[in-house]
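Secondary and tertiary structure notes
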Amino acid sequence: QVQLVESGGGLVQAGGSLRLSCACSGRTFSSRAMGWFRQAPGKEREFVGGINWSGGNTDYADSVKGRFTISRDNAKNTVYLQMNSLRPEDTAVYYCAASHITSSDFVRARAPDYAYWGQGTQVTVSS
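Notes on the structure in this doc start here. Since we're looking at a predicted model, the values are computed, not measured. (Residues numbered from 1 in each chain as written. Predicted model: local features only at pLDDT ≥ 70, side-chain atom pairs only at ≥ 80, totals over all residues. Heavy atoms only, no water.)

Describing the side chain of Thr 78
Among the structural elements, Thr 78 can be located in strand S8 (residues 78–83). Looking at Thr 78, the relative accessible area reads 10%, which means it is buried. A distance of 2.9 Å separates a polar side-chain atom of Thr 78 from the backbone oxygen of Lys 76. The contacts of Thr 78, once residues within four sequence positions are left out, are Ser 21, Cys 22, Ala 23, Phe 29, Arg 72 and Asp 73. (Helix = DSSP H or I, 4+ residues; strand = E, 2+ residues; numbered from the N terminus. Buried < 20%, exposed > 50% of the residue type's maximum accessible area, 1.4 Å probe, protein only. Polar contact = N/O pair within 3.5 Å; in protein donor to acceptor, adjacent residues only side chain to side chain. Contact = heavy atoms within 4.5 Å.)

Written out as structure tokens, the structure is:
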């Protein structure tokens, strides 16, 4: 079984930074693409960033490109989201997700590509 636990959320002023962490159980972590999604009040869940299982390729939503960086440490079964230059519109619940096991080492950017989800961590950016 796979379990995901997010941490690192909180309250930050506009222009500040936060780093989210997601710990993943299981020895198959290195065979799964990982992603971050977010859901703001009144809006649908959206893709934020993703990383393939070897860690060599990433993809981001246009709204966060240049400000957010996703990375992973397969030895620690952990994925990170470094968020810089935060804006009030970044306020949302952020979810970590793990893809289905795959032999194709691609970045996944769609919710249906992911099999497991964390409970989410709240990020609030004040103006």
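What follows picks up the thread again.
Here we look at the packing of aromatic side chains
In total, this model carries 4 aromatic pairs according to the counting rule given. Aromatic pair Phe 37 and Tyr 114: ring centres 5.4 Å apart, planes at 80 degrees, arrangement edge-to-face. Of the two residues, Phe 37 sits in strand S4 (residues 34–39) while Tyr 114 sits in strand S10 (residues 114–117), which places them 77 residues apart along the sequence. Look at Phe 37 and you get buried, because its relative accessible area is 2%. Among the aromatic residues, those joined into a ring-pair cluster are Phe 37, Phe 47, Tyr 114 and Trp 117. (Phe/Tyr/Trp six-rings, centres within 6.5 Å; stacked < 30°, edge-to-face > 60°.)

Focus on the state of the cysteines
This structure, assessed with the given rule, holds 1 disulfide. In this model Cys 22 forms its disulfide with Cys 96; the gap between the sulfur atoms is 2.1 Å. Residues Cys 22 and Cys 96 are joined through a disulfide that is left-handed, its torsion about the S-S bond being -85 degrees. Taken together, the residues Cys 22 in strand S3 (residues 18–24) and Cys 96 in strand S9 (residues 92–99) connect sequence positions 74 residues apart. The class for Cys 22 is buried, based on a relative accessible area of 0%. Unpaired in terms of disulfides, Cys 24 finds its nearest cysteine sulfur in Cys 22, a separation of 6.5 Å. Owing to a relative accessible area of 6%, Cys 24 belongs among the buried residues under this scheme. (Disulfide = S-S within 2.5 Å.)

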